[in-house]
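Chain residues, written in single-letter form:
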Amino acid sequence: MAKIATREAYGQALAEFGEVYKDIVVLDADLSKSTRTEIFKKKFPERFFNIGIAEQDLMATAAGLATCGKIPFASTFAIFAAGRAYDQVRNSIGYPHLNVKIGASHAGVSIGEDGASHQMLEDIALMRVIPGMVVLSPSDAASTYECVRLAIEHEGPVYIRLGRLGVEEIYKKGELKLELGKGIVLQKGTDVGILATGLMVHEAIKAAKMLQDEGFSVYLVDMPCIKPIDIDLILDVAKVTGCIVTAEEHNILGGFGSAVSEVLIQNYPVPVKMVGVNDEFGRSGKPEDVLKYYKLTADEIVNKAKEVMKMKK
Amino acid sequence: MDRAKELELKKIATEIRKSIIIQTASAGSGHPGGSLSGVEILTYLYFVEMNIDPKNPKDPDRDRFVLSKGHASPLLYAVLAEKGFISKEELKGFRQIYSNLQGHPDMKKVPGVEMSTGSLGQGLSVANGMALAGKLDGKNYRVYVLLGDGEIQEGQIWEAAMTAAHYKLDNLTAFLDHNGLQIDGKITEVMSPEPVDEKFKAFGWHVIKIDGHDFNQIEKAVNEAKTIKGKPTIIIAETVKGKGVSFMENEVGWHGTAPNKEQAQKALEELQKQLESLEVQG
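Note that the structure is a prediction, hence the values are computed from the model and not measured. (Residues numbered from 1 in each chain as written. Chains lettered and ligands numbered in written order. Predicted model: local features only at pLDDT ≥ 70, side-chain atom pairs only at ≥ 80, totals over all residues. Heavy atoms only, no water.)

Attention now goes to the sheet that holds strand 9 (residues 184-187) of chain A. Sheet strands pair via backbone hydrogen bonds, and the direction of the pair is either parallel or antiparallel. Residues and elements named next belong to chain A. Strand order across the open sheet formed by five strands is 9-11-10-13-14, with mixed pairing between neighbours. Of all strands in the sheet, those with a lone pairing partner are strand 9 and strand 14 (272-277), marking the two edges. On average, each strand axis in the sheet is tilted by 25° relative to the strand beside it, whichever way the strands run. For strand 10 (residues 192-196) and strand 11 (residues 218-222), the ladder comprises five bridges, and the chain directions are parallel. Bridging from a neighbouring strand, V192 pairs with V218 of strand 11. Sheet strands in contact with helix 13 (residues 298-310) are strand 10, strand 13 (244-251) and strand 14, and its direction is about 160° off that of strand 14. (Pairing = 2+ DSSP bridges. Helix = DSSP H or I, 4+ residues; strand = E, 2+ residues; numbered from the N terminus. Axes fitted to C-alpha atoms, helices over the stretch in contact; angles between N-to-C directions. Contact = heavy atoms within 4.5 Å.)

Next comes the structure, spelled out in structure tokens:
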């Protein structure tokens, strides 16, 4: 099966939705070949603006376009979108709650060889604390398409976290229908809950299979919507299984696991183990090697699942 | 500009200066110095130039103004009140917890505020976005932005300067409130951006230099900007920080300090005298 990166699906989705939504404009900061906004640019050159290597300007220009009724998709690497231009995203987009969509590609360590300076592991944390910011993290091509649709239909700022690495299909395009604030139950089970987002959904699927082969019953959930988060679903998993593992390609501090834990601790505390990068910067290497180095693997999810099951009261 | 018109604008400008003093004094905080320096520029834009309607503040064809130096909010609020976007009564709430008049302008709270600003260096990019949208939609509106001269130390200003020239945004006019002072002292001593005119020229802008307190020069520059095709215009306006209040003029300390009761009274008396002298002339 052909693998498709979520950034590729993002570029395709923009080009497709651009036909229907004439107010969509796409901005990039000299990375249109990498973010794949090039696909939109070729189809709608008059609605594409390259801002050059200037991410602060990129975000605030998008804000200005939004004040005039446009639906701007400001696209660049996650490290620049959430990092370098944080103040612009907070003050020119988040604070006035403008209708800007941020397409942040090359998130996480799986960008690979470029190393720590380009491996964004803090963006979920940074974006989800901006009041009113929606944070989406699709796991495959179909869910990326749906995330772009949700972003267009939602009035307000949206951050979409995308990956560089090609990933297998989990869902069939056209069959998947995402809702803002809702997770996707991949299977129900009673021994342990695994909640994963983005690239790590693929490892979570493998981990669930491995655990089942050992006789455990796994409640497996894909969480493309990190904010608003699916509180009801998280609580259901906690009540049914009594313990949870989260998996994300992000620093375990402040990210998806933290978001899940915030829900649990305030409503229905159960033990949680988090799979993610353990408060470290990334390093260069082949994407697969880097993922293994930081234990962003199915094996690690299985280990953590076994640990957390022992913590159950 | 005929004399009667100029006199009328001068009176409005003086009322706006009074309002700046009253707002900052009643709040006990705020930025009087850089608000007073931009008074003539905004007075001209709002009372002569811009196509805006307080009854229809979201008209898609309206001209836009972005206060990039958002700390000059008392100036913008005073102008919006004078123009009828907000009530003059509301001005008393400036910076108070129950009021919509935030320390720096919030577009979601105050009609007529086109962009929430306050973090310096971002307004020019936003204005570019508005100008790009205007071109895309074939609209004839113009976009105005007021920059502080200290503010242009922010790198994003130069990113935006490139973008405006690159996309040939001739529907955009920037004003530089060149009063020469920032919080820590003279801009040339803190971090000199000079020569500002040559820098903007080098970035591909049409540059006009004027006295920013002279309505005739402001009018001439704004009209000249409208004739320039294929590039954005910046009007470098030489101004005096604290203009109109003798003890505030060119004093760096009045950047972000509100006058106390006695100081406010003294300032208001001075401004009232200026107003009366204008009445005599009129």
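Moving on, we get to the packing of aromatic side chains. Residues and elements named next belong to chain B. Counted according to the given criterion, the structure contains 13 aromatic pairs over all chains. Ring geometry for Y46 versus F65: centroids 5.7 Å apart, planes at 75°, classification edge-to-face. Taken together, the positions of Y46 in helix 3 (residues 39-49) and F65 in strand 1 (residues 64-67) put the pair 19 residues apart, joining distant regions of the chain. The same class applies to Y46 as to F65, namely buried. (Phe/Tyr/Trp six-rings, centres within 6.5 Å; stacked < 30°, edge-to-face > 60°. Buried < 20%, exposed > 50% of the residue type's maximum accessible area, 1.4 Å probe, protein only.)

Residues and elements named next belong to chain B. Applying the stated rule across the entire model yields 30 salt bridges over all chains. The partner of K10 in a salt bridge is E6, and the shortest N-O contact between them spans 3.8 Å. Of this pair, K10 and E6 both sit in helix 1 (residues 3-27), separated by four residues, roughly a single helical turn. A residue is classified by how much of its surface remains accessible, and K10, at 32% relative accessible area, is partly exposed. Since its relative accessible area comes to 18%, E6 is described here as buried. (Salt bridge = Lys/Arg side-chain N within 4 Å of Asp/Glu carboxyl O.)

What follows covers the interface of chain B and chain A. Between chain B and chain A, the residue contacts involve 25 residues of the former and 25 residues of the latter. Here chain B meets chain A over a buried area of about 2000 Å², counting both sides, of which 57% is carbon and sulfur. When the buried surface of chain B facing chain A is broken down by residue, B:Q122, B:L136 and B:E159 rank first, second and third, together holding 25% of it. At the junction of chain B with chain A, the criterion picks out one salt bridge. A:K70 is paired through a salt bridge with B:D137; the nearest N and O atoms lie 2.5 Å apart. Across the chain B-chain A interface, the total number found is twelve residue pairs in polar contact (both at pLDDT 80 or more). Per element, the largest residue contribution to the side of chain B that touches chain A is eight residues, and it comes from helix 5 (residues 123-136) of chain B. Considering only residue class, the side of chain B that touches chain A consists of ten nonpolar, nine polar and six charged. (Buried area = accessible area lost by both parts, 1.4 Å probe. Polar contact = N/O pair within 3.5 Å; in protein donor to acceptor, adjacent residues only side chain to side chain. Nonpolar A, V, L, I, M, F, W, Y, C, P; charged D, E, K, R; others polar.)

Moving on, we come to the confidence of the model for chain B. Residues at a pLDDT of 70 or more form 100% of chain B, whose mean pLDDT is 97. Confidence metrics for the complex model read pTM 0.97 and ipTM 0.97. (pLDDT = per-residue confidence, 0-100.)

A few words now on the domain arrangement of chain A. All names here are of chain A. In terms of domains, chain A is made up of domain 1 (4-167) and domain 2 (184-310). Here the C-alpha centre of domain 2 lies 25 Å away from the C-alpha centre of domain 1. Contacts between the two partners involve 32 residues from domain 1 and, on the opposite side, 37 residues from domain 2. Across the domain 1 to domain 2 interface the summed buried area is about 2400 Å²; carbon plus sulfur atoms make up 58%. The largest contributions to the domain 1 side of the interface with domain 2 come from V109, L121 and R128, which together make up 27% of the buried area. For E262, the salt bridge goes to R128, with nearest N and O atoms at 2.6 Å. The tally of links from domain 1 across to domain 2 stands at 23 residue pairs in polar contact (both at pLDDT 80 or more). Where the side of domain 1 that touches domain 2 is concerned, the elements lending two or more residues are helix 7 (123-128) and strand 6 (134-136). (Domains from an automatic or database assignment.)

So, on to the packing of helix 5 of chain B against helix 6 (residues 155-166) of chain B. All names here are of chain B. Look at helix 5 against helix 6: their axes get within 8 Å of each other, and the N-to-C directions meet at 20°. The orientation of helix 5 with respect to helix 6, classified from their angle, is roughly parallel. Crossing handedness for the pair helix 5 and helix 6: left-handed. On helix 6, the residues touching L124, S125 and N128 of helix 5 are Q156, I157, A160, A161, T163 and A164. Considering only residue class, the contact of helix 5 with helix 6 consists of five nonpolar, four polar and no charged. (Parallel < 35°, antiparallel > 145°, perpendicular 65-115°, else oblique. Left-handed = near helix turned anticlockwise from the far one by under 90°.)

If you look at the biggest cluster of nonpolar residues, it comprises 137 residues, and the most contacted ones within it are A:Y159, B:Y46, B:F65, B:L172 and B:W205. Taken domain by domain, the makeup of this core includes at least three residues from each of domain 1 (4-167) and domain 2 (184-310) of chain A. Those residues in contact with B:F65, other than ones at most four positions away along the chain, are B:L42, B:L45, B:Y46, B:M50, B:L76, B:E114, B:Y144, B:V145 and B:L146. By size, the runner-up hydrophobic cluster in this structure holds 31 residues, among which are A:V109, A:V167, A:L291 and A:A298. (Core = buried A, V, L, I, M, F, W, Y, C linked by side-chain atoms within 4.5 Å.)

Residues and elements named next belong to chain A. Of note, V270 is situated in the loop between helix 11 (256-267) and strand 14. Owing to a relative accessible area of 15%, V270 belongs among the buried residues under this scheme. Separated by 26 residues in sequence, V270 and I244 have C-alpha atoms that sit 7.3 Å apart. Setting aside chain neighbours within four positions, we find V270 in contact with A238, G242, C243, I244 and L264.

Taken from the UniProt record, the annotation "domain: Transketolase N-terminal" (unreviewed entry) applies to residues 11-267 of chain B. Secondary structure across residues 11-267 of chain B comprises 40% helix and 13% strand; the distance between its end C-alpha atoms is 16 Å. (UniProt positions renumbered as here; feature names shortened; annotations may be inferred.)

Residue and element names in this part refer to chain A. Here seven strands make up an open sheet; going across it, the order is 3-2-4-5-7-6-12 and the pairing mixed. Where the open sheet ends on each side, the last strands, each with one partner, are strand 3 (48-50) and strand 12 (225-227). Each strand axis lies, on average, 20° off the axis of its neighbour in the sheet, ignoring direction. Relative to strand 3, strand 2 (residues 24-28) is paired through three bridges, and the arrangement is parallel. By the bridge assignment, D28 is partnered in strand 3 with N50.

Glancing now at the side chain of B:E40. Residue and element names in this part refer to chain B. Of note, E40 is situated in helix 3. A polar side-chain atom of E40 sits 2.8 Å from a polar atom in the side chain of H213. In contact with E40, other than residues within four places in its own chain, are A13, R17, G212, H213, F215 and I218.

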